[in-house]
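Listed below, chain by chain, are the residues.
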Amino acid sequence: MQKDPECTSPSESTQPPSSAREPEVVPPGDAEGCARPQDTVPKKLCGYLSKFGGKGPIKGWKCRWFFYDEKKCHLYYSRTAQDANPLDSIDLSSAVFDCKVDAEDEGTFEVKTPNRVITLKAATKQVMLYWLQQLQMKRWEFHNSPPALPVTPAAGLSGNGPTLHLNLEQEEAELEEFLCPVKTPIGLVGAAAALQPVPAMPSALQNISLKHLGTEIQNTMHNIRGNKQAQAIGHGPLMEESSQGVEPQGGEQSSTSDTSTPAGKEPEEPPKPTPRPSLPSSPIQKPKRQSNTFPFFSDGLARSRTAQEKVAALEQQVLMLTEELKSQKELVIILHKALEAAQQEKRASSAYLAAAEDKDRLELVRHKVRQIAELTQRVETLEQDRERLVHEAGLLEQQVQELQQHVQLLMDKNQAKQQVICKLSQKLTEDLAQPEQPADGDFLSQQERIEHLKDDMEAYRTQNRFLNSEIHQVTKIWRKVAEKEKALLTKCAYLQARNCQVESKYLAGLRRLQEAAGAEAGGFSELLQQLVQEALQWEAGEASGSVELRPISEYDDYGFLTVPDYEVEDLKLLAKIQALEVCSHQLLALEAVERPLRERWAALTELAPSAELKQLLRAGVPREHRAHVWRWLVHRRVRHLHSPGCYQELLARGRACEHPAARQIELDLNRTFPTNKHFTCPTSSFPDKLRRVLLAFSWQNPTIGYCQGLNRLAAIALLVLEDEESAFWCLVAIVETILPAEYYSKTLTASQVDQRVLRDLLSEKLPRLTAHLGQHHIDLSLITFNWFLVVFADSLISDILLRVWDAFLYEGTKVVFRYALAIFKYNEEEILRLQDSLEIYQYLRFFTKTICDSRKLMSIAFNDMNPFPMKQLRQLRAVHRERLEAELRELEVLKAEYLERRASRGRAVPESCVSEDEGEGDG
């Protein structure tokens, strides 16, 4: 009598437990199982299969006992069903299956994993199809289980018992469309197969696994030890006899006629001998403990499948509700902690304000420093979690790629087999259509051949249906994995954004502590100074060591220094805080804003003026589309000026003779964007390109020649377009078609007009700010004149600057006015808090660099500043231009009168008033 096997491997231990066990008693309610239909699928999947493997002379088919672990989605196998330890396992979570119709041995199929291909053989074709269908369903159940990392609490409840049950029923219905369910082979799978003897092999040596020789020895010793323990108890034969009477259950009871125990009653246990004093009781108890782990009899094969599924669904729902209750309790605990922290913060602030001596305040500040250290430790923990999530996302991506490759291989194989089926069908039709009547012998051979062809066609149809179901299921699994990967990336982006926010708050807290400490803090001031220096150390290499969604690198996509190296320490700290805030806003907007925006740009087949394009340009062009879009926008502006070869002719003219502005251009090259690596690196080609673009423009427009500020406009165009000829035409489009005439003339008339227009618009849109600046006699043109001259090239960070240019190249100077007003609106409250003109001027010098949220600035510019009609802008320009020209004419008259008076006085200058230079003689 063989002992029943343990068919499942545990998910918590390194090795599955022993599969040897004692028989169990049939529950009273399971006696009706004998009436179940034979096609009911057992809950546990196990049975004997032949596995092809080995090397050298022992290479061939080996009989193995296979059993499936539902928790790990692994298919374990051992030499016999009684072995304690499995030889190896097959990971089915990323495996695909293929049946071999054209194989020499019937019932051959393959399990393909990313690491290897396992060839198996069943006893019959029906057993093969049963195993394939069951393995498909087990793989789907594993992938359709509740996700381990739900993005939201609601997502964690979506995988409850009833929902999972409905998904599995739907999957079964879908698979039935491809291949009808195969009936359970009686006695070849499940508990019945465990009771059967091991299939005979040609030689015992051939069936032994030399690769896992250690495991074979352990299993042999375990079986010998079990036999010795049974004999030592003294009723080994009696136990076997009693086992034969109660082992078969459910469906197996119908085939066991010599069972002495009636169905529905518990059999009497064999009489236990009187225990000897010298023998411990552990040998008797050990088989009973092992019997509790056997899956088949404990589950009750005789129960109806519907009742099992209902119980499993209810258990799953109770489990999920328990987990939800646990998570809610944890949330309440976290909220209590947050409330306590807020109360402690309030008490600490009150104590700090109520402290009478500096010593007490210093102690409170030290306590805050310790709290900051704890926050830093929490940030490091979050960073480790983020790295772990990134690693898991990478693994999922590899699995998705491998599944895609497997799907493609299966589709190619399916297509090839369909072609073979078509050829065979055509050949059969041609053979049947032949008019000649063959002889009797030939007729019989032809008939046999036709029968064989029909069998082959039926086999290929079956294989085709199965492969279609495999492709269908693998595709669904791939989509589910892609959704999980997307959720992980979203969570990783959110964690990274939160990390940036915490770090920026930490730096801002250091700055405030440093300002509050002053020089009277003594050693505490030195500690703050040390912390600030550590915070300012820019570790650009940290991001390259791990995969991140959007790492904070030293330079951005266009070469601008992310954290400018200011000489003043406060500005350095502010620059790093700003870089962290920008990264945080970008990560938070990645999924909600950036991804849909990229999809809209990718769906835009051709560029044409429209309201949709206007909105897309205001929202910002993605980097991969920006160069193409800018070339189209520039071409719209200069198509009436553009001529082939014009740029090369201008360069040739510059090489022939030197332009008067060449010296000034050379001086300004080294002052163009000192924080951009493309213009500061000695080996970069951008300075030479910029020189040629500016010289070509000076020959193109001799009325302007060169004006300071043009170098920055051309540099921005070069960084985006990279082609110097395209950058040249972009500069021409800005100076000659977008901006008004005389914007870069010697008198800068149009530039001065726009400053007066801005002053009027500011008083209309922001009256409180205008009154505040007027009260302190602030002349904004000292700050804003350069904004208009270089279109914010020196003022805004590159991410916001390029978004401004996206809309500016399409809509014109109206965009510059909108963003100028939006900048003041963005910082209005900060400016209103300043009550000294010197402080206001100092703040206005760098306040544009503190703007981090590009989406908020864009919303202010294009929503809060409305209405903004172009007609009003033209009228204001015309009025102020007329006034400015009148003022310039008055200045010319005054200048002429002054020169005339000076000339008349010069004729009657006394000798005592002669200047020293005029009075010097030869001596």
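Residues numbered from 1 in each chain as written. Predicted model: local features only at pLDDT ≥ 70, side-chain atom pairs only at ≥ 80, totals over all residues. Heavy atoms only, no water.

A. Focus on the confidence of the model for the protein. The predicted model of the protein has a mean per-residue pLDDT of 75, with 68% of residues at 70 or higher. Considering only residues more than four positions removed or in separate chains, one finds that residues 1-42, a stretch of pLDDT under 50, has 125 contacts. Low pLDDT, under 50, characterises residues 234-304; the stretch is placed with 96 contacts to residues that sit more than four places away or in other chains. (pLDDT = per-residue confidence, 0-100. Contact = heavy atoms within 4.5 Å.)

B. Main features of the pairing of strand β5 (residues 96-99). The alternating pattern of β5 places V96 and D98 on one face and F97 and C99 on the opposite face, and all of these are buried. Sheet topology places β5 next to strand β6 (residues 108-112); four bridges connect them, and they run antiparallel. For V96, the partnering residue across the bridge sits in β6 and is K112. (Buried < 20%, exposed > 50% of the residue type's maximum accessible area, 1.4 Å probe, protein only. Helix = DSSP H or I, 4+ residues; strand = E, 2+ residues; numbered from the N terminus. Pairing = 2+ DSSP bridges.)

C. Here's a closer look at the packing of aromatic side chains. Tallying each qualifying case throughout the model produces 20 aromatic pairs. Ring geometry for F788 against F817: centres 5.0 Å apart, planes inclined by 65 degrees, an arrangement best described as edge-to-face. Residue F788 is found in helix α25 (residues 781-790), and its partner F817 is found in helix α27 (residues 814-826); the two are separated by 29 residues along the sequence. In this pair, the class of F788 matches that of F817, namely buried. On the numbers, 5.6 Å between centres and 35 degrees between planes, the contact of Y843 with F847 is tilted. (Phe/Tyr/Trp six-rings, centres within 6.5 Å; stacked < 30°, edge-to-face > 60°.)

D. Main features of the sheet that holds β5. If you walk across this open sheet you meet the seven strands as β4-β3-β2-β1-β7-β6-β5, and the pairing is antiparallel. With one partner strand each, in any of the chains shown, β4 (88-91) and β5 form the two edges of the open sheet. Looking at each pair of strands side by side, their axes are set apart by 35 degrees on average, direction ignored. The pairing of strand β3 (residues 74-78) with β4 spans four bridges and is classified as antiparallel. (Axes fitted to C-alpha atoms, helices over the stretch in contact; angles between N-to-C directions.)

E. Main features of helix α22 (residues 724-738). Compared with an ideal rise of 1.5 Å per residue, which puts 15 residues at 21 Å, α22 spans 20 Å between its outermost C-alpha atoms and is within 8% of the ideal. In terms of residue burial, α22 counts as a mostly covered element, since twelve of its 15 residues are buried. Within the span of α22, buried status applies to E724, S726, A727, F728, W729, C730, L731, V732, A733, I734, V735 and I738. Contact partners of the buried residues in α22: α16 (623-638), α17 (646-656), α20 (686-700), α21 (710-721) and α26 (798-811). (Expected span 1.5 Å × (residues − 1).)

F. Spotlight on the environment of Y810. With respect to the secondary-structure elements, Y810 resides in helix α26. Taking relative accessible area as the criterion, Y810 reaches 15% and is therefore assigned buried. With 192 residues separating them in the primary sequence, Y810 and R618 have C-alpha atoms 9.4 Å apart. When neighbours within four sequence positions are excluded, Y810 is seen to be in contact with P609, S610, L613, K614, L617, W632, L633, R636 and R637.

G. Local environment of helix α15 (residues 611-619). Listed as buried for α15 are L613, L616, L617, R618 and A619. G620 occupies a position one or two residues after α15 and carries a positive phi of about 110 degrees.

H. Quick peek at the side chain of S93. Relative to the elements of secondary structure, S93 occurs in the loop between β4 and β5. At a separation of 2.8 Å, a polar atom in the side chain of S93 contacts the side chain of D91. Setting aside its immediate chain neighbours within four residues, S93 contacts C73, R139, F142 and H143. (Polar contact = N/O pair within 3.5 Å; in protein donor to acceptor, adjacent residues only side chain to side chain.)

I. Highlighting the pattern of salt bridges. The tally for this structure, following the rule as stated, stands at 25 salt bridges. For D98, the salt bridge goes to K413, with nearest N and O atoms at 2.6 Å. Taken together, the residues span a long stretch of sequence, with D98 in strand β5 and K413 in helix α11 (residues 358-432) at a distance of 315 residues. A salt bridge links D806 to R626, with the shortest nitrogen-to-oxygen separation between them at 2.9 Å. Taken together, the residues D806 in helix α26 and R626 in helix α16 connect sequence positions 180 residues apart. Each of the two residues, D806 as well as R626, counts as buried. (Salt bridge = Lys/Arg side-chain N within 4 Å of Asp/Glu carboxyl O.)

J. Local environment of the environment of I90. When you line up the elements, I90 lands in strand β4. Residue classification places I90 among the buried positions, given a relative accessible area of 1%. When the C-alpha atoms of I90 and L75 are compared, they prove to be 5.0 Å apart, with 15 residues separating the residues in sequence. Apart from the residues within four sequence positions on either side, I90 is in contact with F66, C73, H74, L75, Y77, V111, T113, R116 and I118.

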